[in-house]
Amino acid sequence: MKHLIITLGDPLGIGAEITKKALLKFKKLKNQKITIIGESCKGIEQLKIVDNFIKINSLYKKPTKIGASKYGADISFKALNKAIDLCLLDKQACLITAPICKESWAKLGIKFTGHTELLQDRASVKKQVLMTFVAPPFTCALATEHLAIKDISNHLTKKLLSEKLKLFSSFLGNKKIIVSALNPHASDGG
């Protein structure tokens with residue numbers, strides 16, 4: 001992991017704030033490079049730990065109030081695509097993403113419901129993928145992503161659950177898996 005590429009997510013959200021807090025505690029390794037991609041953010045651009053800041057501009061006017069917006073979607077979507085471009089060119093790169101607003105992406109007409117689906121598409125992966133969250137001592141994975149509760153029963157099948165469990169098991173290295181929760185990644189505006 002020589003090159004960390006970090007997207008700041010939706011500029012009207014908490015991405016820049018949590019990224020700055022994390023970077024202030026981060027111990028950079030020798031020969032490691034950190035690239036930040038997103039809306040201009042002086043608090044982060046001036047950190048000595050950051051090697052490169054790629055500023056993303058929007059075609060839309062910045063709204064005066066916080067909430068779902070084409071502005072936020074435009075910046076977060078462009079930043080993520082730029083980061084994916086860099087990762088596809090640099091096999092040593094590691095991608096870290098701050099939160100996006102899925103409602104904003106929908107307002108802009110973006111067909112992807114989140115990071116996972118866009119990453120799968122851009123990497124041309126046709127087989128099953130798995131969204132995971134790691135917060136030691138726990139590692140969580142989702143069988144379904146970005147679905148309204150009313151739609152889960154139409155998508156969650158024994159076959160899908162079996163495929164996701166096999167992926168998760170290989171990721172964990174044969175550790176014990178506990179299956180719980182109907183929709184732990186709920187909300188996101190519906």
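Look up a bit, the structure's there.
The present account deals with the structure reproduced in this document. All values reported here derive from a predicted model rather than from experimental measurement. (Residues numbered from 1 in each chain as written. Predicted model: local features only at pLDDT ≥ 70, side-chain atom pairs only at ≥ 80, totals over all residues. Heavy atoms only, no water.)

**Description of the environment of Lys2**
Stage number 1. Note on placement: Lys2 falls in the segment before strand 1 (3-7).
Stage number 2. For the pair Lys2 and Lys82, spaced 80 residues apart in the sequence, the C-alpha separation amounts to 18 Å.
Stage number 3. Residues contacting Lys2, with those up to four places away along its chain left out, are Asn31, Gln32, Lys33 and Gln92. (Helix = DSSP H or I, 4+ residues; strand = E, 2+ residues; numbered from the N terminus. Contact = heavy atoms within 4.5 Å.)

**So, the nonpolar core**
Stage number 1. The biggest cluster of nonpolar side chains holds twelve residues, and these are Leu4, Ile6, Leu8, Leu23, Ile34, Ile36, Cys41, Ile44, Leu47, Ile49, Val50 and Phe53.
Stage number 2. Among the elements of the structure, strand 1 and strand 2 (33-38) are those that each provide at least two residues to this core.
Stage number 3. With residues near it in sequence (within four places) discarded, Phe53 still touches Leu8, Ile36, Gly38, Glu39, Ser40, Cys41, Ile44 and Glu45. (Core = buried A, V, L, I, M, F, W, Y, C linked by side-chain atoms within 4.5 Å. Buried < 20%, exposed > 50% of the residue type's maximum accessible area, 1.4 Å probe, protein only.)

**Section: the sheet that holds strand 1**
Stage number 1. Ordered in space as 3-2-1-4, the four strands form an open sheet in which the pairing is parallel. If you trace the sheet from one side to the other, it starts and ends with strand 3 (52-55) and strand 4 (93-97), each paired once. Neighbouring strand axes in the sheet, compared pairwise and without regard to direction, differ in orientation by 20° on average.
Stage number 2. Bridge analysis of strand 1 against strand 4 gives five bridges, and the strand direction is parallel. Following the sheet pairing, Ile5 is matched in strand 4 by Leu95.
Stage number 3. Packed on one face of the sheet, helix 3 (residues 70-89) meets strand 1, strand 2, strand 3 and strand 4 and runs near 150° to strand 2. (Pairing = 2+ DSSP bridges. Axes fitted to C-alpha atoms, helices over the stretch in contact; angles between N-to-C directions.)

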